[in-house]
Amino acid sequence: MSISPLSEVYRKFRIHYYRDVFHRIKEREQSLSTVEIYCVEIIAALNGPTINEFANYIDISSSNATYKVNSLIQKGYVEKIQSTTDKREFILKVTDKFYKYWNLNEKYLDIVEDRIKECVTPEEYETFNLVLKKISDNLMPEVELPEDR
């Protein structure tokens, strides 16, 4: 069965990411569980959600989300910052500890991007990025990322 180039690229990124996750867990047994890894990465991707926004996004109860967030706060990967517009709300932010600890996945993206630049013309690279932008903006409405806070 033949798969599309997009599926193949996505599968390769995913499998590389999972291998990195398990490698990092093995190296730091006492650090984060797999579920905690995904939670902190979702918080980072959501770019400063509230606990309710985080809970709603991953479709869990607020109390379950609070439990997960408190564990990440205790371990130093997430912090709660009081909202400037509503003092009852707290925004979740990942810490520098998270960025230092999880920078490996982004480095792989940088490596692949550098390889792309080396094997295509500047015009092809620009076209490639335009196609990716169209895919992100127009063809993936189920994955809406919030703007920077």
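For the structure, see preceding data.
Within every chain, residues take consecutive numbers counted from 1 along the sequence as written. Residues qualify for local features only when their pLDDT is at least 70, as the model is predicted, and side-chain atom pairs are given and counted only at 80 or more; totals for whole chains, interfaces and linings, by contrast, use all residues. Excluding hydrogens and water, the side-chain figures rest on all heavy atoms present in the structure.

1. Details of the nonpolar core
Short version of the rule: In this text, buried Ala, Val, Leu, Ile, Met, Phe, Trp, Tyr and Cys residues form a nonpolar core when linked through side-chain atoms within 4.5 Å. We call a residue buried when its accessible area falls under 20% of the maximum for its residue type, exposed when it is over 50%, and partly exposed in between, using a 1.4 Å probe and counting protein chains only. By the criteria applied, helices consist of DSSP H or I runs no shorter than four residues and strands consist of E runs no shorter than two, each listed in order from the N terminus.
Counting residues in hydrophobic clusters, the biggest one holds 19 residues, and the most contacted among them are Val40, Ile43, Phe54, Leu72, Val78 and Leu92. Elements supplying a minimum of two residues to this core: helix H1 (5-27), helix H2 (34-46), helix H3 (51-58), helix H4 (62-74), strand E2 (90-94) and helix H5 (96-101). It is H2 that contributes the most residues to this core, four residues altogether.

2. Section: the packing of aromatic side chains
Quick reminder of the rule: Aromatic rings from Phe, Tyr and Trp, with only the six-membered ring used for Trp, were paired whenever their centres fell within 6.5 Å, and each pair was classed as stacked if the ring planes differed by under 30 degrees, edge-to-face if by over 60, and tilted otherwise.
Enumeration according to the criterion identifies two aromatic pairs in this entry. Summarising the aromatic geometry, the rings of Phe13 and Tyr108 are spaced 5.8 Å apart at their centres and angled 75° between planes, so their arrangement reads as edge-to-face. Linking Phe13 in helix H1 with Tyr108 in helix H6 (residues 103-119), this pair joins segments that are 95 residues apart in sequence. Phe13 gets classed as partly exposed once you look at its relative accessible area, which sits at 26%.

3. Some points on H3
Worth spelling out the cut-off: Along the arc lie the directions from the helix axis toward the C-beta atoms. We call two residues in contact whenever any of their non-hydrogen atoms come within 4.5 Å of each other.
Listed as buried for H3 are Ile51, Phe54 and Ala55. Taken around the axis of H3, the buried residues stretch over an arc of 100°, which confines them to a single face. Where the residues of H3 are buried, they touch H2, H4, strand E1 (78-82) and E2. One or two steps after H3, the chain reaches Asp59, where phi turns positive at roughly 60°.

4. Some thoughts on the pattern of salt bridges
For clarity, the cut-off: Should a side-chain nitrogen of Lys or Arg be within 4 Å of a carboxyl oxygen of Asp or Glu, the pair is scored as a salt bridge.
Overall, the coordinates contain four salt bridges when judged by the stated rule. Note that Lys12 is salt-bridged to Glu8, the shortest N-O span being 3.6 Å. Taken together, the residues Lys12 and Glu8, both in helix H1 and four residues apart, mark about one turn of the helix. Owing to a relative accessible area of 33%, Glu8 belongs among the partly exposed residues under this scheme. Its salt-bridge partner being Asp86, residue Arg88 comes within 3.0 Å of it at the nearest N-O pair. You can call Arg88 exposed: its relative accessible area is 72%. Judged by relative accessible area, which is 21%, Asp86 ranks as partly exposed.

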